[in-house]
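# Structural characterization, general
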Amino acid sequence: MRQKHRDTKNAASIIEAAVKQIEYTLTLASTDDSAFNIIRNVYECFRMLGGALLVAKGIESQDHLAPLRELLQLNVETSRPTKLLENLRTIRHNINYYGYTPKKVEADDALSWARACFQPLVEAVRQEIGKLPGAQRQ
């Protein structure tokens, strides 16, 4: 990881993009054919939240693990475990690099998990960024 200048405005933009994309993804009908895109989109929205935290802290990540670690370190109460993000990362990795074809049931689970965890994590990310020195209140 590389240190950069903190950028809370960019972090806020990343959060808003993630919110917009998760809202769209949650409207998709879950089928065996759409499972591929649903899982990848859900994962990417969560990765973006972790990335926003890193950008706000002035850290440039070289991989997906750092944003996920950053996100999972937050103390957030959700109705489903946030650590399930690691399972989603594995499925997405298998989709992208090994040609895995997910099923509707996996997409249903990803959507259910996103509904349970995304908004609480968005709020926690915003609060965490707001605590940073020099953060602009938004």
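Right above here is the structure, for reference.
Just so we're clear, the structure is a prediction, and the values are computed from it rather than from any experiment. (Residues numbered from 1 in each chain as written. Predicted model: local features only at pLDDT ≥ 70, side-chain atom pairs only at ≥ 80, totals over all residues. Heavy atoms only, no water.)

## Things to note about helix α2 (residues 35–57)
- In this model, α2 (23 residues) spans 34 Å end to end at C-alpha, consistent with the 33 Å of a helix rising 1.5 Å per residue.
- Immediately beyond the C-terminal end of α2, within one or two residues, lies Gly 58, with a positive phi of roughly 80 degrees. (Helix = DSSP H or I, 4+ residues; strand = E, 2+ residues; numbered from the N terminus. Expected span 1.5 Å × (residues − 1).)

## Considering the pattern of salt bridges
- By the definition in use, this model includes 8 salt bridges.
- A salt bridge links Asp 108 to Lys 104; the shortest N-O distance between them is 2.8 Å. Here Asp 108 pairs with Lys 104, and both are found in helix α5 (residues 104–131), just 4 residues apart, close to one helical turn.
- Taking relative accessible area as the criterion, Asp 108 reaches 29% and is therefore assigned partly exposed.
- Salt-bridge contacts for Arg 126 lead to Glu 123; the nearest nitrogen and oxygen are separated by 3.5 Å. In this pair, Arg 126 and Glu 123 both sit in helix α5, 3 residues apart, roughly one turn of the helix. (Salt bridge = Lys/Arg side-chain N within 4 Å of Asp/Glu carboxyl O. Buried < 20%, exposed > 50% of the residue type's maximum accessible area, 1.4 Å probe, protein only.)

## Here we look at α5
- Taking 1.5 Å per residue, 28 residues should reach 40 Å; α5 reaches 40 Å between its end C-alpha atoms and fits that length.
- Along its length, α5 shows its largest kink, about 35 degrees, at Cys 117, and proline Pro 120 lies within four residues downstream of that point. (Bend = angle between axes of the 7 residues up to and from the residue.)

## Overview of the side chain of Thr 82
- Tracing the backbone through its elements, the reader meets Thr 82 in the loop between α3 (65–72) and α4 (85–98).
- A residue is classified by how much of its surface remains accessible, and Thr 82, at 15% relative accessible area, is buried.
- Discounting residues that sit within four places of it in the chain, Thr 82 has contacts with Leu 72, Trp 113, Cys 117 and Leu 121. (Contact = heavy atoms within 4.5 Å.)

## What to know about the packing of α2 against α3
- The interhelical angle for the contact between α2 and α3, taken along N-to-C directions, is 85 degrees, at an axis separation of 8 Å. One element, α2, and the other, α3, form an angle in the roughly perpendicular class. On α3, the residues that touch Tyr 43, Phe 46, Arg 47, Leu 49, Gly 50, Gly 51, Leu 53, Leu 54 and Lys 57 of α2 are Ala 66, Pro 67, Leu 68, Glu 70 and Leu 71.
- Of the residues belonging to the contact of α2 with α3, the class tally is 9 nonpolar, 2 polar and 3 charged. (Axes fitted to C-alpha atoms, helices over the stretch in contact; angles between N-to-C directions. Parallel < 35°, antiparallel > 145°, perpendicular 65-115°, else oblique. Nonpolar A, V, L, I, M, F, W, Y, C, P; charged D, E, K, R; others polar.)

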